[in-house]
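For reference, the chains in residue letters:
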Amino acid sequence: MEKDEITSLTQQLRKVKNYKGYKSVKAPAVAAEEITVKQWLLRHASLVGVGEAEKILLQNQINQLRQYGTARGY
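Peer 1: Give me the lowdown on the pattern of salt bridges, citing residues and values where you can.
Peer 2: Under the definition given, this model contains two salt bridges. Of the charged contacts, one joins Glu 52 and Lys 55 as a salt bridge, the two residues approaching to 3.2 Å between their closest N and O atoms. Here the residue Glu 52 and the residue Lys 55 both occupy positions in helix H4 (residues 52-68), the gap between them amounting to three residues, near one helical turn. A relative accessible area of 55% places Glu 52 in the exposed class.

Peer 1: Which residues make up the side chain of Thr 36, and what are the values?
Peer 2: Here Thr 36 is to be found in helix H2 (residues 28-43). One polar contact links the side chain of Thr 36 to the main-chain carbonyl oxygen of Ala 32, over a distance of 2.8 Å.

Peer 1: Break down the nonpolar core for me, citing the residues and quoting the values.
Peer 2: Among the nonpolar cores identified, the biggest contains nine residues, and these are Ile 6, Leu 9, Leu 13, Val 25, Ala 31, Ala 32, Ile 35, Ile 62 and Leu 65. Taken together, the elements giving at least two residues each to this core come down to helix H1 (3-14), H2 and H4. Beyond its immediate stretch of four places on either side in the chain, Ala 32 contacts Ile 6, Leu 9, Thr 10 and Leu 13.

Peer 1: Please provide a residue-by-residue account of a nonpolar patch on the surface, values included.
Peer 2: A cluster of nonpolar residues, Trp 40, Leu 47 and Val 48, forms a patch on the protein surface that exposes about 300 Å² of accessible area. Along the chain, Trp 40 falls in helix H2. Accessibility expressed as a relative area gives 36% for Trp 40, which makes it partly exposed.

Rules behind the numbers
- Residues numbered from 1 in each chain as written.
- Predicted model: local features only at pLDDT ≥ 70, side-chain atom pairs only at ≥ 80, totals over all residues.
- Heavy atoms only, no water.
- Salt bridge = Lys/Arg side-chain N within 4 Å of Asp/Glu carboxyl O.
- Helix = DSSP H or I, 4+ residues; strand = E, 2+ residues; numbered from the N terminus.
- Buried < 20%, exposed > 50% of the residue type's maximum accessible area, 1.4 Å probe, protein only.
- Polar contact = N/O pair within 3.5 Å; in protein donor to acceptor, adjacent residues only side chain to side chain.
- Core = buried A, V, L, I, M, F, W, Y, C linked by side-chain atoms within 4.5 Å.
- Contact = heavy atoms within 4.5 Å.
- Patch = residues over 30% accessible without salt bridge, like charges linked within 9 Å, V, L, I, M, F, W, Y side chains within 5 Å.
- Areas by Shrake-Rupley, 256 points an atom, 1.4 Å probe, with all protein chains shown as cover.

Below is the structure:
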């Protein structure tokens, strides 16, 4: 995990707003770490034995974290 990558992603997530203009990402630093780990798993799917169903699930989780962080029961 790259510390710079997590820091950059945390800053981006702090700026995410919902449709009413309020901050929507809860715990952006935690969400950034989770996104980074899930992206690593996707990039190295064959190395760690991740199948197609798991890839879809990981991508959906990444999308949810980018939109809401930990606010929606993730």
